[in-house]
Amino acid sequence: MDSDEGRPIRIVSEYLAPLRTFDKAGVTATVVFFGSARVNEGGPLGRYYDEACELARLVTVWSLEQCRGRLIVCSGGGPGIMEAANRGADLAGGRSIGLNIGLPFEQRPNRFISPELVFEFHYFFMRKLWFAHLAHALIAFPGGFGTFDELFEILTLAQTRKLDRPIPVFLYGSEYWREVVNFDALVRHGTIAAEDLELFEFVDEPGAALARIKSRVQPPAAEPRLSFAKSRCHPGS
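In short, a report on the structure. (Residues numbered from 1 in each chain as written. Predicted model: local features only at pLDDT ≥ 70, side-chain atom pairs only at ≥ 80, totals over all residues. Heavy atoms only, no water.)

So, the sheet that holds strand β6 (residues 169-172)
Phase 1: Ordered by their spatial adjacency, 7 strands build an open sheet running β4-β3-β2-β1-β5-β6-β7, and the pairing between neighbours is parallel. The open sheet has two free edges, formed respectively by β4 (118-121) and β7 (200-203), since each of these has just one partner strand. Strand-to-strand twist across the sheet, computed as the mean angle between neighbouring axes with direction ignored, equals 25 degrees.
Phase 2: In terms of strand pairing, strand β1 (residues 29-34) meets strand β5 (residues 135-140) through 5 bridges, oriented parallel. Bridging from a neighbouring strand, V32 pairs with L138 of β5.
Phase 3: Docked against the sheet, helix α1 (residues 7-25) engages β3 (96-101) and β4, running at close to 175 degrees with respect to β4. (Pairing = 2+ DSSP bridges. Helix = DSSP H or I, 4+ residues; strand = E, 2+ residues; numbered from the N terminus. Axes fitted to C-alpha atoms, helices over the stretch in contact; angles between N-to-C directions. Contact = heavy atoms within 4.5 Å.)

Some points on the environment of E201
Phase 1: Relative to the helices and strands, E201 resides in strand β7.
Phase 2: As for E201 and S174, which are separated by 27 residues in sequence, their C-alpha atoms are 9.0 Å apart.
Phase 3: Leaving out residues up to four positions away in the same chain, E201 has contacts with V169, F170, L171, R212 and R216.
Phase 4: A polar contact is formed between the side chain of E201 and the side chain of R212, at a distance of 2.8 Å. (Polar contact = N/O pair within 3.5 Å; in protein donor to acceptor, adjacent residues only side chain to side chain.)

Points about the pattern of salt bridges
Phase 1: Using the criterion set out here, one finds 8 salt bridges in the structure.
Phase 2: For E153, the salt bridge goes to K128, with nearest N and O atoms at 3.2 Å. Here E153 is found in helix α5 (residues 145-159), whereas its partner K128 is found in helix α4 (residues 124-133), with 25 residues between them in sequence.
Phase 3: By relative accessible area, which is 33% here, E153 ends up partly exposed.
Phase 4: A salt bridge links R212 to E201; the shortest N-O distance between them is 2.8 Å. Remark: E201 occurs in strand β7 and R212 occurs in helix α8 (residues 206-216); sequence separation between them is 11 residues. (Salt bridge = Lys/Arg side-chain N within 4 Å of Asp/Glu carboxyl O. Buried < 20%, exposed > 50% of the residue type's maximum accessible area, 1.4 Å probe, protein only.)

Have a look at this one:
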């Protein structure tokens, strides 16, 4: 299984195993939280840990009370903002997903993920597929290379209209995001279009963020089957 020849089997298994697990668990829709593994409770950016935890709690309460629990918080499964998201869902008494990734420094799944929804991926690209597949909204908290990779993957899919279901994207912490990414400069240099700035919006407080999510996300129907954000094929392709 660890050989070069076994690679296709490993890739397929990282698609089929989550597919079977989600189907069995009745998971059809997620609210995905991205953010740094290095943001610690009480640390320099600790407020974002606390606010990610609170927002995940609010999302889960809304899901349990108005969406029959069908919107499930999903994180990358590790520490930092990921832990905060799973922790918030746990505080609300709901389930949450952790899509963990095996790394040389042995990132471990955090203890707040629902035990039946813990995953361990080898391939980043398969992990990102499952982030996108069931997402009905995405919230990106302050993060580094990994968060950028995950965020811009979704924005690129939206920009190129490859998704046949829109995924609202919220950047939490406008001060951070406006400092680390000069979106207006991208427009000024002509590398993105002005309308591409409408692919995301900034949010800065858990209650206000929940209100924006509720305004953009329809409670998922009671579907017995998974509803994927499929890759759209354009005419002539």
